[in-house]
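Coordinate inspection notes
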Amino acid sequence: QAQLIESGGGLVQAGASLRLSCVASGRTFSISGMGWFRQAPGKEREFVAGISPSGGSLYYADSVNGRFTISRDNRKNTVYLQMNSLKPEDTADYYCATSRAKMVVPRSPSTVGSWGQGTHVTVAS
């Protein structure tokens, strides 16, 4: 199982931007679909964005489409989540994830094979 370590969370004002990073261990990053999920207090963990191994296919939740951008650098074993125009409702713990099936992009919690420890984002109004 890959080890995933997220960073980049913090406290920002509404309308601001943040970039989250997730560094993966192991040799299979370049063939792994990657995803970002989030979980707000009292709510279930939900899909935010996903990216195919090559970076050629991108997927977004409706709630973040047009504001968030997922990308990856396979030379650095890193996946990013650029978050712009942040809203208070984006406040959550954000988790990086890989799928159980290497090439598949994880788009629901049930398909995730490995989770990072999470990084917290608070958006103040």
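A brief report on the enclosed structure follows. (Residues numbered from 1 in each chain as written. Predicted model: local features only at pLDDT ≥ 70, side-chain atom pairs only at ≥ 80, totals over all residues. Heavy atoms only, no water.)

Take the packing of aromatic side chains next. This model, assessed by the stated rule, comprises three aromatic pairs. The interplanar angle of 75 degrees and the centroid separation of 5.7 Å between the aromatic rings of F37 and F47 together place this pair among those described as edge-to-face. Of this pair, F37 sits in strand β4 (residues 34-39) while F47 sits in strand β5 (residues 46-51), and the two are 10 residues apart along the sequence. Its relative accessible area of 0% is what places F37 among the buried residues. Residue F47 is classed as buried on the basis of its relative accessible area of 13%. Taking 6.2 Å as the distance between ring centres and 80 degrees as the angle between the ring planes, the aromatic pair formed by Y95 and W115 counts as edge-to-face. Placement of the pair is Y95 in strand β9 (residues 92-99) and W115 in strand β10 (residues 112-115), with a sequence separation of 20 residues. Ring-pair connections join several aromatic residues into one group, and the members of that group are F37, F47, Y95 and W115. Looking at R45, its charged tip hangs above the ring of W115, at a distance of 4.4 Å from the centre. (Phe/Tyr/Trp six-rings, centres within 6.5 Å; stacked < 30°, edge-to-face > 60°. Helix = DSSP H or I, 4+ residues; strand = E, 2+ residues; numbered from the N terminus. Buried < 20%, exposed > 50% of the residue type's maximum accessible area, 1.4 Å probe, protein only. Lys NZ or Arg CZ within 6 Å of the ring centre and 35° of its normal.)

To continue, consider the nonpolar core. If you look at the biggest cluster of nonpolar residues, it comprises 30 residues, and the most contacted ones within it are W36, V48, F68, V79, L81, M83 and Y94. In contact with Y94, not counting residues within four places along its chain, are E6, L20, W36, F37, R38, V48, F68, L81, M83, G118, T119 and V121. (Core = buried A, V, L, I, M, F, W, Y, C linked by side-chain atoms within 4.5 Å. Contact = heavy atoms within 4.5 Å.)

Reading across the sheet, the four strands line up as β1-β3-β8-β7 and stay open at both edges, with antiparallel pairing between neighbours. Edge strands, defined here as strands with exactly one partner in the open sheet, are β1 (4-7) and β7 (68-73). Across this sheet, the average inter-strand angle for adjacent strands is 15 degrees, counted without regard to direction. Relative to strand β8 (residues 78-83), β7 runs antiparallel, the two sharing six bridges. Residue pairing in the sheet places D73 in a bridge with T78 of β8. (Pairing = 2+ DSSP bridges. Axes fitted to C-alpha atoms, helices over the stretch in contact; angles between N-to-C directions.)

Residues other than glycine seldom take positive phi values, yet N77 does so here, at roughly 50 degrees. A relative accessible area of 18% places N77 in the buried class. For S85, which is not glycine, the phi torsion reads 50 degrees and is therefore positive. You can call S85 partly exposed: its relative accessible area is 40%.

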